[in-house]
Each structure stands twice: as C-alpha cells, then as structure tokens.
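Structural description and commentary
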Amino acid sequence: MRYAETGFNLEIDLSRGNIERVETDPRETELYLGGLGTNAKILWDRVPPEVEPFSPDNLLIFSTGLLCGTPAIGCNRTIVSTISPQTLLMAYSMMGGFWAPELKYAGYDKVIIRGKSPNLVYLWIHNDKVEIRDASHLQGKGAIETAELILQELKEPKAQVSAIGLAGENRVYFASIEQGRSSASRGGIGAVMGDKGLKAIAVRGSKDVNIARPDELMELCNEVLEYIKVRAENPIKGVPPILAGLGSPQEMAVHDEEWHTTNFAWGNARYRIKDYWTEEVEKKWTESLEKARERFISCYNCPMKCGATINVPGLPTYMMKCYSKLTYTMAAMSDLDFGFRIAQRATEYGVDAFSTPQVMAFALELYEAGILTDEDMPGMPSDSEERFLWLLDRIVRREGIGDVLANGTYWAAQQIGKGAEAYAHNNIKKHEQLPLKLGMLNPIYFLMYCTGEKINITQIEGQFPQAPFATREEREEFVKDWIQVPDERFKQYFLDWELRGENSIPYYPTPEATCEIVDWQEKMHYIDDALGMCAGLSSFPLKPPYHIHNYPKFISSGAGIDMDEAKLTQAAKRYRTLVRAVNIRRGMRRKDEKPPEDHWKKRFPELEAKLLDTYYKYKGWNNQGIPTKESLHELGLDYVREDFLQRGILTDDEGTPSKEGLAKREKK
Ligand code: SF4
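This report concerns the structure included in the present document.

What counts and what doesn't
- Residues numbered from 1 in each chain as written.
- Predicted model: local features only at pLDDT ≥ 70, side-chain atom pairs only at ≥ 80, totals over all residues.
- Heavy atoms only, no water.
- Helix = DSSP H or I, 4+ residues; strand = E, 2+ residues; numbered from the N terminus.
- Rg over C-alpha atoms; globule rule 2.2 N^0.38 Å.
- Buried < 20%, exposed > 50% of the residue type's maximum accessible area, 1.4 Å probe, protein only.
- Contact = heavy atoms within 4.5 Å.
- Areas by Shrake-Rupley, 256 points an atom, 1.4 Å probe, with all protein chains shown as cover.
- Lys, Arg positive; Asp, Glu negative; His and termini not counted.
- Charge placed at Lys NZ, Arg CZ, Asp CG, Glu CD.
- Phe/Tyr/Trp six-rings, centres within 6.5 Å; stacked < 30°, edge-to-face > 60°.
- Pairing = 2+ DSSP bridges.
- Axes fitted to C-alpha atoms, helices over the stretch in contact; angles between N-to-C directions.

What to know about the overall build of the protein
In terms of regular secondary structure, the protein is built from 27 helices and 19 strands. Against the 2.2 N^0.38 benchmark of 26 Å for 668 residues, the protein shows a C-alpha radius of gyration of 24 Å, consistent with a compact globule. On the principal axes, the C-alpha backbone points of the protein span a range of 70 × 65 × 55 Å. Sorting the 668 residues of the protein into buried and exposed places 62% on the buried side. Taking the contacts inside the protein whose residues are at least 6 apart along the sequence as the reference set, 69% of them involve residues at least 24 apart. About 25,400 Å² of surface is accessible on the protein, with carbon and sulfur atoms providing 49% of the total. In the protein, which carries 83 positive and 97 negative side-chain charges, the distance between the mean positions of the two groups comes to 2 Å.

The following block contains the structure:
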C-alpha cells in the first residue's frame, strides 16, 4: 500500500487529447520524496536542454507535496514546475490554497501536461473521470472570473480551480497561475500554461489518503498546533512586527509598515525613502486597510489566516496576501488605496506581483530618460496611477510597447536598446528580484542571491535572523529556546554576530559559517517544496513549528518511509543537486550567479569570490558551480554524471575523487 501519496500521476497530452493514469515507482519517492523532488527527476528525464519553454515538448507539472492531503497542518502547496520563458531555467513556483489536497483526494499525485491544444481548453478532474473540455467561451476572462464560471458550469461549487488570466493566454513572461486564495507566480509558469492552450484545471476528489501510522501523525500535528498557539502569544522580541510571528498574516493584519516602506526601494527598485513612515501616513494607511479588508482567510488545514478578502468600492472582491499589498503602491510611488485597486485588476489578469510593478516602473523610467518616447506610448495618461493601469492593460494584451514589456525587464531592455539595459538593474538570472537596495554587503544574503535557483529571495531566506541584535543580552535571550537549529554551533554564530566591529558584516559570519547558514536555510525550503509544506510554517519565519528535528517523524508516520535527519538531509541534497543539474545542462554557470550590481552600495569583490568558492566547495560543486563527479556519485546521481560527461560539461579528469576523498568514502 502507498501512504501519503496515491501512487498515480495523470499524464495529459494536449496535442493528441490523450489522458493516461500512470502508476509511479515508490523507489523514486524514497529518493526524491515528492513535489519538487520528483518534479525535478521528471524534468531531468524527459525535458532535454534543447527543449524551448514554448515547445510542445516542454512539460508543465502540477504536483502535490508528499504530505498534502494528510492531516499535517499547513501542508497544502501545489508545486508547479516547467522551463521558464524568462530565465530559460527550471521554474518551480508554489501555491497554497486548496488545490493540491483536492487532487490527492481525486486520486493523483501530479498532473503532467505535455503538447499543445489547438483550441483553448480546460481540464476537469473528478476522481476517476478526467475530461479535456472546451474553454473557448473563457478566452480573455480573468483568472478568478474563470474559476467562478467553471464552478457554475460544472455545478460543483466545491471543486478547486487553478486558472490563468489574459496574461497567461498571451504568454506574458511573468504571468501567474491563480487559484482564488493563492497563486504560483514566479518564472512565467502562467505563460507556459497559456502556450499549451490550457485555461484552467478544475479538480474535485472524494477518495481517502492512506496514512502509515495515523495516531503518531495526529500527535505530531497536535504538537504543531500547540506550538503555533504558544508562538502567537509570544512574538519574537527585537525584530519588526512582520518578522515576529509565523506565516504572513501580519501583512493583512498589521498597520505598521515602517519596515517595508523604509527598507525596500520605491519606483523601479531605485529609491529608498527613509523618512516615509509618518504618523499621518500610518493613520491614512490604517483607514485604507480597515476599509478594504473584509475578512481574514486561510489555506487548507491551517489556522493562520494569512490572506484577506479585499473589497474596493466598484470592483469585485478578491483575495490578497503577503507583500503584494505594497508592491504596486511602492512602484507607482503612490498609496495603499491605489495598491488595493490595481491589485484587483492584476489578479484577474494573472501576473506576478513582484515583477509586474517593476516592469511598469522600468517603462516609466525609460520614458523619463527619453529612451522610450511619446511615439512608443501613444495616448499614455499624465497621472502616475493612471499610467500604471494603462501600462498594465497594454502588457497583458501585448499591445504596442506592451508587447516588448511583456517579456520582463531583462529581455525588454535587450529589445529596446539605446542604453535601456542600465535600467534593467534589479535582475537575478534574468528575473526581477525583490526591490531592495541596501548599504553594506551581507555575506549570507550574497550567497543566497547568487546561488538560489528559485530566484525569489523570500523563497530562499529564513530561520537565521536577517541582522544581528544590538546587545549580547538580546542575543542570549533569542537563542534560549532556539530548538530549530540543526546544530548548537549555529547559536554561537548568532551570539557572536555584532552590529559593528570585527564580528560584523561583511566579514562575519566567516565564509565557512556563512556556508552552513545558507545551506541550512536552503535545505529547509527544499524540504518544504517536496512535502508541500507552506514556508510560512517552516522555512521562512524565525523559530517555526516544523524543523529538521521533527520533519523525519512526519514523513515516517505519514508516508511510512523510514526517515531520520541524516537521510532527509541526503534526500534534500539529492534533488537540490538535480535542480542544479537541470539548470547546468541548460547552460547556467558561475557568471550567472550574482546579485543585482547595485543591490549593495559597498561591494567586496575579493570576499565575494571567496564566499562563492567556499560555498561551491561546501556543496560539492566545482568552481563553475557544476556538481562534481564525486558528489554526484555520492548522491546516487550517476546518471547525471554520465550525461555531463557525454555532453562535455564535466571531463574525465575533472572532479576525480582525491585519495583522501576515496578513503573517507571507504570508511563510511
Ligand atoms: S501559514 Fe498562511 S500562507 Fe501558509 S498555509 Fe497557513 S494560511 Fe496559508
């Protein structure tokens, strides 16, 4: 019997209209867990590097996490993986909500889409009945509107729908997949869905998911619920409100936005307005939030209520969560009312709330600099807010200059030329990053920005405080109940981290300690992405309920896989390396691993090179960031090694194990 997973994937070929239910190999689950892990294996096996993002041979995989559908609290993520049109690398965006558990209850772990439909279609998955249905009447409809229309059409109000809006249909490189209470936004996965002619996937399931040891799992779940309560009553001291709790409910509940508005950059990720947050602004923003927010809402099986329904007079109600509250507001140099207004339209269009505002602000900067002219922007209004709405409409329709901007700042700048490249200054691996411009290089963030393959820093960081606390007493207080650290020495790294002096950034933490901290943070995100756990309860906040010490018990009792910390660490390392291997095979190298040039004012080229060298070595990668033959062998990825050798990515004499390395392995 299979536990936690169903043991079946749905394979849909949209070119042929073929639907297959395919049994999966349980050994793959042991090796790669599920979610992102098994997605990476499928992309490695079936999407060679020659396949372009908009090729019928590119796969679009909607995956549940291994523990989705079990009682594990907050385990509800859908992991969508494909080859991104924007980065040309593997995209693996996640969404919360209810879709993934529903798919499990319908009897499937993944939906794997290949080919392209000649006409716009949607999928209807209802337990064993799976249909490809005509969606021509949904063409041009908003993502949320589409979901509502499909529910009415199917007469299944409890079905869960993931859909694209106009942006996805028109292959906008930063198009999202929306799902009512959440969205998978990064990497342009909505554009791939649109390219395949797939408007939506509706799913309804009523089957059971088997649990290996239910009593044990329930006990663990109760411990998590108890911990969430304790943490709600004891917010972390010494950090801004946004970092003091779990999940991201603060965004929709808290009025104090001083941290974001003064630390994050405005406009096209350009300016920090350090004195923005005044009593007057706070009062106005408080009123705006209270007026617009209808009620708080949660994802499946989670008490956190991170999201909220937003009702702006004259517009349909929609759901907002997390930092999208501020992205449009700050890019347009406007206020919260405007942010709520434009986010409604953007959600219906289905666009990424990080990239889209930056693209529009980039266009306006080019216009102010005379690189784009009235000829490029005929009829553009003079008012800043109206300009944003005007640009948004043109981008999602790919009209005029919108057709160029729809490719994101990196590709748009290449197309526009005339020095526009200098204005596309906030990209990592060709993708817009969070709009941050800071002072002094932070070694931990430097490595995360360079080597993160999920691109968005919020999906890489977490657990270790972003900055040192001012006094040793505060730090001692913080580490007292820090049970989540993988090892006691992490507490020492934090205790010794000072605001100023020898033990301060950029030279502290030391490169060696920095590597361990970055690796820990990344590992937790990768585990979440395989299990389907919300990062808001695990890898992202400080002191979360899920951590490396209790995760193995969840996997053992839920999925019946014999698991301990060492095995879990090894599995996460295996599929993390596989994600890198997919990207290396697509040409990613050290030259691509850098933060935006102007991310920090003070840069240290020698230290940065040393950090990267040390981290590559720590991870078992060579100085180009390519996993070595030895490390691939240790992870059971010999098939990757063979492929790399055949393609000349690795050579026979490169990465040959040293005598010491071989001796160590023998000993193990
Ligand atoms: S913590 Fe928030 S975002 Fe995460 S599952 Fe719960 S409600 Fe959803």
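Here's the deal with the environment of Ile201
In this fold, Ile201 is placed in strand 12 (residues 198–204). With 301 residues separating them along the chain, Ile201 and Glu502 place their C-alpha atoms 55 Å apart.

A look at the packing of aromatic side chains
Two descriptors summarise a pair of aromatic rings, namely the distance from one centre to the other and the angle between the planes of the rings. Throughout the structure, instances matching the rule amount to 37 aromatic pairs. Measuring from ring centre to ring centre gives 5.9 Å for Phe464 and Phe494, while their planes differ by 90°; the resulting arrangement is edge-to-face. Within this pair, whereas Phe464 is found in the loop between helix 18 (443–451) and helix 19 (472–480), its partner Phe494 is found in helix 20 (residues 489–495), the two being separated by 30 residues in sequence. Pair check on accessibility: Phe464 and Phe494 agree, each one buried. Plain terms: the ring middles of Phe478 and Phe494 are 5.1 Å apart, the flat faces sit at 55° to each other, and that makes the pair tilted. In this pair, Phe478 is assigned in helix 19 and Phe494 in helix 20, connecting sequence segments 16 residues apart. Residues Phe478 and Phe494 agree in their burial class; the two are buried. Taken together, the ring pairs in this structure connect Phe464, Phe469, Phe478, Trp482, Phe490, Tyr493, Phe494, Trp497 and Trp520 into an aromatic cluster.

Some words on the sheet that holds strand 13 (residues 293–297)
With antiparallel pairing, three strands are arranged side by side in an open sheet as 13-14-15. A single partner strand is all that each edge strand has here, and the edge strands are strand 13 and strand 15 (318–320). Sheet twist, expressed as the average angle between the axes of neighbouring strands with direction ignored, equals 30°. Of the strands in this sheet, strand 13 and strand 14 (307–310) touch helix 11 (residues 279–292), which is tilted by about 70° from strand 13.

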